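Listed below are the residues making up each chain.
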Amino acid sequence: MPLPPRPRAPGFCRRPPSQDPPPARPAALPAKPDAEPAKTDSGIDLRASTPLPQRRLPRFHFPFGRPAAAHPLVSPGQDQAIRSIFSVSPGSPGTALSERDFCQVTLACGIPRYLNAVFFRRASRGAAAVDYARFASFWTEITAAFHSLEAVAFGILKEPDCSFVTPKDVEVAVQDVTLHHPGLEFLSSLPVFQNRYVETVVTRLFYAKNKNWNKQMTFAEFKKSDFVARIQNLEHIEDINWTHDFFSYQHFYVIYCKFWELDRDHDMLIDLQALRRYDHFSLSERILRRVIGGFGKLPSHSRPRPKPASAGAPSASASASGPESALAASASSPSSSMSSSPRLTSSPPAVAPPSQSMSHSSSAAAAAQAASSSAPHQPLTLPPRHTTPTVMSYEDFIYFILSVEEKRTIHAIEYWFRCLDLDGDGFISLYEIGYFFEEQYERMLGNRMTDLWRFEDFVCSLLDLIRPEHKTKISLSDLKHSASAPLFFDMLFDLHKYENHIRRIDPAFRDQDDVTYEGPHGEHITLTGFQKFAARTYQFLAEEESAAASISHSTSGQSHMGGGGLGSLIGGSYHQSSSYDDMVDDRLMEGYLCGAGDHDHDNDIDTDNIGIGVRGGIPHEWDEDEYEMEMHVSRVGV
């Protein structure tokens, strides 16, 4: 049913539609000008009324010295003095100077005397002589770019287009020392030994820099080496043995004689068999194999060692590569690292354990027990020799002897860490410690040492010495931050130095073992590390050479050559292998100090009271007390 219509409000009526047109629309408002709206924060207008001035930070990094109003090497009367040296006059350009005459210009410029040769070659740009105009151009260029004595020396030594110094650059300066220093005059007729001295000094300089695995020395490393001050100091001393740095002829003599007595065929290369004889077979064969293989320092005479195979792809020699491959495989496969660990071939006898207050004793002993008992009983084999270099050059030997005689330096710690890290994972694990301890233990038995270790106690002692961040592995950082790093290395592979550590507990032996010398002001300075080794060995070699010269003079009426301490080494007969030496070396190789496994100790040579002297080709004997007698070195000379 439809709804009824809605009632309208009273007074409401519909308006009829208008007949007028619709009103016109208003015109558009004018556009606002582009203006930044006001930015207010707490009622403050943040708009910049005027643009801010651009400020430039002043230069604060000056790699070659801060420029000064007056250069430290440029004085007001310097140019006039140099002009007089070149004989420059208003009507004459002057005369050209040779390298010998140029030395006056070098001293007038404040450059060390023994940088004259390299300074002349840079200023002359390869010419046989240099005139004033060419020198002035070069000197202005150098002083504008380098603003200190060290920086100027660095700029003179390096090639113009290089930012670093190479060994070839430094060789020119060291060669100048050998030719003109009064303390090395006796080498003027021996160019072979001049070259060996230069090679030794340059190698030691680059060994001590921060990154000693490359041949590029930056300016920061150059300043830290203190090369300029040391070469400048040579101008004030006549006897070069007074120095105890890399310019010391005494140090060169010791290093080269040690290399010469090992290199019996004198081809300037030594192999593993020769390196075993170093320090009377003190080092274990397993660490020497790593050294010969170039793991401490990349060999300078051979190609780089091959890269390891990728994970999951075994190499062709994996079955015969021994513990190094096994450790690499265990590193890539954590699940099998414990089950495939190498085990010691013989179980050490039980001895009294160390103090039970060790912080790592519980965890380290448990891990060591697992490492030594989880795998089947099988001997460890050494890696094949054909995969790594088998000889060592003279340069490599310098790295080796510096690292083995002073193990507390950063460079030596890095050297031995690379040798001990078999799998290259950046840590020395318990398996690697066990690998080197196995041979060291056999050598302790062969040497009849009373301080024998069980492997568990040995590991606990090592970890308590270093206190690593990880309780079951040791990193390079842990060794660098520990003062006991030398003892750590000696316990693993250096038998004689480890025994020396033990004996130095006795104050009487410590006083007897120290080497001191009298300083320039009358003070007594105690030598340590390589300096102590060099001073003691140099005196021993000098005494032995004097005895050999006396014997030779009494028998044949002719003495050995004495030229500055080279002795019979110059004559080419420094080491003459005798049947006695060969017999002793062979018996030692059989197992006395090499730890070759089971052998009859009753048939060993009794070396308790015998020392082997082979440096002068004259075997002799001495008592142990005489060998370890007190050596206070006041000044060692020839």
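Located above this text is the structure these notes cover.
What counts as what
- Residues numbered from 1 in each chain as written.
- Predicted model: local features only at pLDDT ≥ 70, side-chain atom pairs only at ≥ 80, totals over all residues.
- Heavy atoms only, no water.
- Core = buried A, V, L, I, M, F, W, Y, C linked by side-chain atoms within 4.5 Å.
- Buried < 20%, exposed > 50% of the residue type's maximum accessible area, 1.4 Å probe, protein only.
- Helix = DSSP H or I, 4+ residues; strand = E, 2+ residues; numbered from the N terminus.
- Contact = heavy atoms within 4.5 Å.
- Axes fitted to C-alpha atoms, helices over the stretch in contact; angles between N-to-C directions.
- Parallel < 35°, antiparallel > 145°, perpendicular 65-115°, else oblique.
- Expected span 1.5 Å × (residues − 1).
- Salt bridge = Lys/Arg side-chain N within 4 Å of Asp/Glu carboxyl O.
- Phe/Tyr/Trp six-rings, centres within 6.5 Å; stacked < 30°, edge-to-face > 60°.
- Lys NZ or Arg CZ within 6 Å of the ring centre and 35° of its normal.
- Nonpolar A, V, L, I, M, F, W, Y, C, P; charged D, E, K, R; others polar.

## Focus: the nonpolar core
In step 1: The biggest cluster of nonpolar side chains holds 127 residues, and the ones touching the most others in it are Phe227, Phe400 and Trp416.
In step 2: Looking at which element gives the most residues to this core, the answer is helix H10 (residues 249-262), with ten residues.
In step 3: Those residues within four positions of phenylalanine 400 in sequence are excluded, and the remaining contacts are Leu275, Tyr278, Leu283, Leu288, Val291, Met392, Tyr415 and Trp416.

## Examining the environment of serine 124
In step 1: Among the structural elements, serine 124 can be located in helix H3 (residues 116-124).
In step 2: Taking the C-alpha atoms as reference points, serine 124 and leucine 97, 27 residues apart in sequence, are found 9.6 Å from one another.
In step 3: If we ignore the near neighbours within four places in the chain, the residues touching serine 124 are Ala129, Val130 and Arg134.

## Remarks on the packing of H3 against helix H4 (residues 132-145)
In step 1: It is at 8 Å that the axes of H3 and H4 come closest, and there the two elements cross at 105 degrees. With respect to their mutual orientation, H3 and H4 come out roughly perpendicular. The segment H3 lies against H4, with Phe119, Arg122, Ala123 and Ser124 engaging Arg134, Phe135, Phe138 and Trp139.

## Comments concerning helix H18 (residues 455-466)
In step 1: Look at H18: 17 Å from first C-alpha to last across twelve residues, which is about the 16 Å you get at 1.5 Å a residue.
In step 2: Among the twelve residues that make up H18, eleven are buried, leaving the element largely enclosed by the rest of the structure.
In step 3: Within two residues after H18, arginine 467 carries a phi angle of roughly 55 degrees, on the positive side.

## Overview of the pattern of salt bridges
In step 1: Inspection of every chain in the model, using the stated rule, returns 26 salt bridges.
In step 2: Among the ionic contacts, a cluster of salt bridges with common partners joins Asp279, Glu405, Lys407, Asp490, Asp494 and Lys497.

## Remarks on the packing of aromatic side chains
In step 1: Across all of its chains, the model carries 44 aromatic pairs by this definition.
In step 2: Judged by centre distance (5.2 Å) and plane angle (75 degrees), the ring pair of phenylalanine 259 and tyrosine 394 falls under edge-to-face. In this pair, phenylalanine 259 is assigned in helix H10 and tyrosine 394 in helix H15 (residues 394-405), connecting sequence segments 135 residues apart. The pair formed by phenylalanine 259 and tyrosine 394 is uniform in burial state, with each residue classed as buried.
In step 3: Geometrically, the ring pair formed by phenylalanine 437 and tyrosine 441 is tilted, given 5.9 Å between the ring centres and 40 degrees between the ring planes. With phenylalanine 437 and tyrosine 441 both in helix H17 (residues 430-446), this residue pair falls four residues apart, about one helical turn.
In step 4: When the ring centre of phenylalanine 295 is taken as reference, the NZ or CZ atom of arginine 290 above it lies at 3.7 Å.

## What to know about the packing of helix H12 (residues 285-292) against helix H16 (residues 410-420)
The description of two helices packed together rests on the angle between their axes and the distance between the axes.
In step 1: Between H12 and H16, the shortest axis-to-axis distance is 9 Å and the interhelical angle comes to 105 degrees. What the angle tells us is that H12 and H16 run roughly perpendicular. Every residue of H16 that contacts H12 at Ile287, Arg290 and Val291 is listed here: Tyr415, Trp416, Arg418, Cys419 and Leu420.
In step 2: Looking at side-chain class alone, the contact of H12 with H16 contains six nonpolar, no polar and two charged residues.

## Focus on unusual backbone geometry
In step 1: Positive phi, normally seen in glycine, also occurs at aspartate 226, with a value near 60 degrees.
In step 2: Backbone geometry places histidine 266, a non-glycine residue, at a positive phi of 55 degrees.
In step 3: Relative to the helices and strands, histidine 266 is located in the loop between H10 and strand S3 (269-271).

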